[in-house]
Amino acid sequence: MSDLRFTSEHEWIRVEGDTGTVGISAYAQGQLGDMVFVDLPKVGLRVEKGAEMAVAESVKAASEVYAPAGGEVIEVNAALNTNPAAVNEDPYGRGWFLRLRLSDPGELATLMDQSTYEAYVKGLG
Amino acid sequence: MTTTGNRALMLEEPLLFEQDAPGRSGVDLPEPEDPVADRLGGLRRKGRIGLPGLSEPQVVRHYTRLSQKNYGIDSGIYPLGSCTMKHNPRLNEKMARLPGFADIHPFQPAATVQGALAVMDELANWLKALTGMPAVALSPAAGAHGELCGLMAIRAALEHRGDARRTVLVPESAHGTNPATAALCGYAVQSIPANGDGGRVSVAALRERLGGDVAAVMLTNPNTCGLFESDIVEIAQAVHEAGAFFYLDGANFNALVGRVRVADLGVDAMHINLHKTFSTPHGGGGPGAGPVVFSDTLAPFAPLPFLVHGPEGLRLAETGPAGAMPFGRLKGFHGQFGVFVRALAYMLSMGGDGLLQASSDAVLNANYLLARLKDDLTPAFPGPCMHEVLFDDRFLKDTGVTTLDLAKAMIDEGLHPMTMYFPLVVHGALLMEPTETESLASLDQFVATVKALAARARAGEAASFHESPTLSPRRRLDETAAARTPVLRWRETG
Amino acid sequence: MRYLPLTADDRAAMLDAIGAPSVEALFADIPAAARLTAPLDLPPHQGEMAVERHLTALAMKNLSAGCAPCFLGAGAYRHHLPAAVDHLIQRGEFLTSYTPYQPEISQGTLQSLFEFQTQVALITGMEVANASMYDGATACAEAAAMACRVTRRRRVLLSGGLHPHYRAVTATWVRHTGAEVEALAPDPINIEDLIGRVDDETACVVVQTPGFFGHLGDWSALAGVCHAAGALLVVAVTEPLSLGLLTAPGAMGADIVVGEGLSLAGPLSFGGPGVGLFATRDRFVRQMPGRLVGQTVDADGRRGWVLTLATREQHIRREKATSNICTNAGLVALAFSIHMALLGEAGFTRLAELNHTAAVALAARLAQIRGVRVVPSTWFNEFAVTLPRPAAEVVDALAARGILGGVPVSRFYPEYPELEPVLLIAVTETVSADDMDSLVRALTEVLA
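Residues numbered from 1 in each chain as written. Chains lettered and ligands numbered in written order. Predicted model: local features only at pLDDT ≥ 70, side-chain atom pairs only at ≥ 80, totals over all residues.

A. Region of interest: the overall build of chain B. Across its full length, chain B carries 13 helices and 13 strands. Computed over C-alpha atoms, the radius of gyration of chain B comes to 25 Å, within 12% of the 23 Å expected from 2.2 N^0.38 for 494 residues, which places it in the range of a compact globule. Overall size of chain B, expressed as C-alpha extent along the three principal axes, is 75 × 70 × 45 Å. Counting every position in chain B, which comprises 494 residues, the buried fraction comes to 60%. (Helix = DSSP H or I, 4+ residues; strand = E, 2+ residues; numbered from the N terminus. Rg over C-alpha atoms; globule rule 2.2 N^0.38 Å. Buried ≥ 20, exposed ≤ 12 C-beta atoms within 10 Å, placed from the backbone.)

In structure tokens:
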């Protein structure tokens, strides 16, 4: 089992202690196509669960990225500024967006585990 | 590949900046008179601007070669759905260039521009007659600008009655300008489903969303699926019962001219794209004009300036008649006058009878495409359609060919592709609008070509589609690279 | 009907193929209540000659500026346009094409817009320019809206030297997204204090150069104050030719430069269609409104151009777009670009010099007429004068003598009685020595 948790909006979060690393799923990057720009928030931004906190852009689409849990942005993946393709190439690794210090890890309970998410995606057709 | 990179009439052309010879110019100007003390206050530019120097023959050749890399409605069928690419009559161009229209300044005394003001008045009267609406604002520069005009008037009317509403409802099939305009006007946008009755807005679903917070409903009719919103009168009633205003996006007015007056539909405001319905050229992206017709309720809130009749003839006024509460000004000067002249020349040429025949032929041509292509492509909705016909990409299922590939293959066949991937309510949309100025022979050639391409796709020739186009001035361009590392201007290197 | 190719036989055959009994049947989805039952009461179609006669008669009722000494400006300046410009923009491939959505068969439009973007960036001294807005006034409004997005602030400060239409359009526009507009009083004598009004809530300051009344501003200090406060400086240019002679706004620290290209793009056409110029810094490019053309390569590695960074735009981003603009001013931008190509560095700078020297010469002569005072101490090709009588009356008296003698400021600011005597006088290369003599003579008579 992977340690990833997913939202129905296709964000993933990997939790280590009180911090979570966030990105978008392999399915999401596939739907968007070749990533050309990722608009990342400023470090220090506080977000509620479900708030818009980044935007992933391909040539013909832009998709908001929502916070899978509330917290404070403590680091962003600046490498995406010069190489947004990392989101396509390695969505769960080099393609991470940002790290959050979680305000309430309990919020993660409603997220899907990987197999549930994969079944969910399959259901989207 | 040839030595030059040219291929017969397809001539490669460098950028202007790559043809520079310092000091050279394509104009001859006199030496400035004996130098006087300047009045620049020390702000004279220091250093070169960097503009290239070319002679007139070089400039003429440059743009002639560039023009040959473009497809226009003059070249052939241009069936871009929702864009109404009809023939652009050359009489319009000639009229707009009469010195009495072209060479007049926006701030000449009114007595010296009575003919120009009469053009505006006459155009306004045609638009009011064709729509049945009592008022028109001419100044908006394009469709989206007209939407802004309409929504600003709606907001002003609501503020006037002390009714702050915050939401605008827009069908999911709407042009992107609708939600963008509503947001620009300070409204929250809510999408309403548009697949209620086979591609139409469902009155029941709309009623559920209507409430005290809804300022306006924006609807396109015929809608972007090429279908008439049959329940429009009921929709208008529901909108008004909820205390909201009804905005009609007139981008597709070409289907209705002379046949339906929007006033009879219960519309409060609608923009009219003179560069679509009334034949003024698109010019590679503009200019257009988007006058807005208003109902009696909204008319007092129309923007500046006002065209008024007075004892000394027509004049443009900054204050309206009694009761006018203009929401402000939308445009510098008085609107797209040169476009007005062209549109009026078209209306006078067509007359009431010609405009009715045009909308009939536009609808006939679209239905002809539907009838001839329905067995080879997959119509999104059964006919009849209005002035444009929508197909989805089910006919390409399992062929490995996408809507985009098909469009690019059409380019090699000398056709301009239809609108692709819009509206968003069907998968892989192909939206075709032939317009009334396409001949039957042209439609037949288009049909035969599209049928042949569909057959090739079914025959497993996906690879050749993926290569296409191969015969155009450029093959597929790398849009991902363009967006990842934007190069938005020429720069001197080295 | 000459624009309709279908014959009666065609229509019958097509209905047959469709399987519809009549064209009326195709309109079955329109409820009867919504359908007109009788034709509209409009005149019938007419041949070219009849239409031409009607419209020519209307055109003849206007005094075309070329038939009179013309000193009108106020945001629209009459320049000579080389014959090649109008010829080239009437090539059908430019005139009758749509927005370049299919880049493989739109390279002509795309390359010319890339060149236009470069020219606009060069003359304004900015890093990047878009492919045009509707006009200068709407470009100004879009700049103020963009400044609010960039700074996440809401206060917009408008100079009294900004063109009144630009002020009105900007105020109308940004008010709807919650911005607070502070428009300073019209400022003919250039005494307003903008610097003192910039604070940490200011989104932008919008100034104009040359100013509406003629003044040339050095905006460097204001730019410094804006930047220190986290605000943007927007500079509007209503006479782009001035950039041939004056220090570029970009060199003074402007963050956004907007302008009206009409004067260099085509005939004035009663003020439109014009072309909005919009230039900014690279770092703000994703907040820009309007279309952008970018360079790339095709599948064979050959250089080509495409519309790019489209995720800012309404057709993708819908309610989150940077603007709702779709149609822009493509063909007018092309005309602007062709004219700039013909002028080149040498022609552009010389034409600017000619305009300025002519304006300086006329100002000196007007200042000698009793009761006439030239207001600004610096100007490019237009300056305000005060007259001993309401300027609008004087303009009418000059018009009666066949002279388009200037624009009375009261036309824009009827609520400011102190501006009643102020007249704007513009002098371009199209004004001859005889024209100047006529104005001086007539004005002397009228004021006597």
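Back to the write-up after that little detour.
B. Just the interface of chain A and chain B, in detail. On the chain B side, the residues contacting the five residues of chain A number four residues. In terms of residue class, the side of chain A that touches chain B is made up of four nonpolar, no polar and one charged. (Contact = placed C-beta atoms within 7 Å. Nonpolar A, V, L, I, M, F, W, Y, C, P; charged D, E, K, R; others polar.)

C. Spotlight on the sheet that holds strand 3 (residues 19-24) of chain A. All names here are of chain A. Across the sheet, which stays open at both edges, the seven strands sit in the order 5-8-9-3-2-1-10 with antiparallel pairing between neighbours. Strand pairing shows two members of the sheet lacking a second neighbour, strand 5 (46-47) and strand 10 (112-113), which therefore form its edges. One ladder, built from three bridges, connects strand 1 (residues 4-6) with strand 2 (residues 11-16); its direction is antiparallel. Among the inter-strand pairings, Leu4 is bridged to a residue of strand 2, identified as Arg14. (Pairing = 2+ DSSP bridges.)

D. Quick look at helix 14 (residues 433-447) of chain C. The end-to-end C-alpha distance of helix 14 of chain C, which contains 15 residues, comes to 21 Å, matching closely the 21 Å that a straight helix rising 1.5 Å per residue would cover. Against the buried residues of helix 14 of chain C lie helix 13 (391-400) of chain C. (Expected span 1.5 Å × (residues − 1).)

E. Up close: the sheet that holds strand 4 (residues 202-208) of chain C. Residues and elements named next belong to chain C. Overall, mixed pairing links the seven strands, which are arranged 1-7-6-5-4-2-3 in an open sheet. Looking at the sheet topology across the chains shown, the edges are occupied by strand 1 (128-129) and strand 3 (180-183). Pairing of strand 2 (residues 155-158) with strand 4, which is carried by four bridges, proceeds in the parallel orientation. Paired with Arg155 across the bridge in strand 4 is Thr202. Sitting on the sheet, helix 7 (residues 136-151) touches strand 2, strand 4, strand 5 (232-237), strand 6 (256-260) and strand 7 (276-280), and the angle it makes with strand 6 is about 165°. Strands in contact with helix 8 (residues 164-175) are strand 2, strand 3, strand 4 and strand 5; relative to strand 3, the strand with the most contacts, it is inclined by about 165°. (Axes fitted to C-alpha atoms, helices over the stretch in contact; angles between N-to-C directions.)

F. Structural context of the pairing of strand 11 (residues 389-392) of chain B. All names here are of chain B. Bridge count between strand 10 (residues 378-379) and strand 11: two bridges; the pairing is antiparallel. Looking at the pairing, Thr378 lines up with Asp392 of strand 11. As judged from the three bridges shared by strand 11 and strand 13 (residues 430-432), these two strands associate in the antiparallel manner. Bridged to Val389 within strand 13 is Met432.

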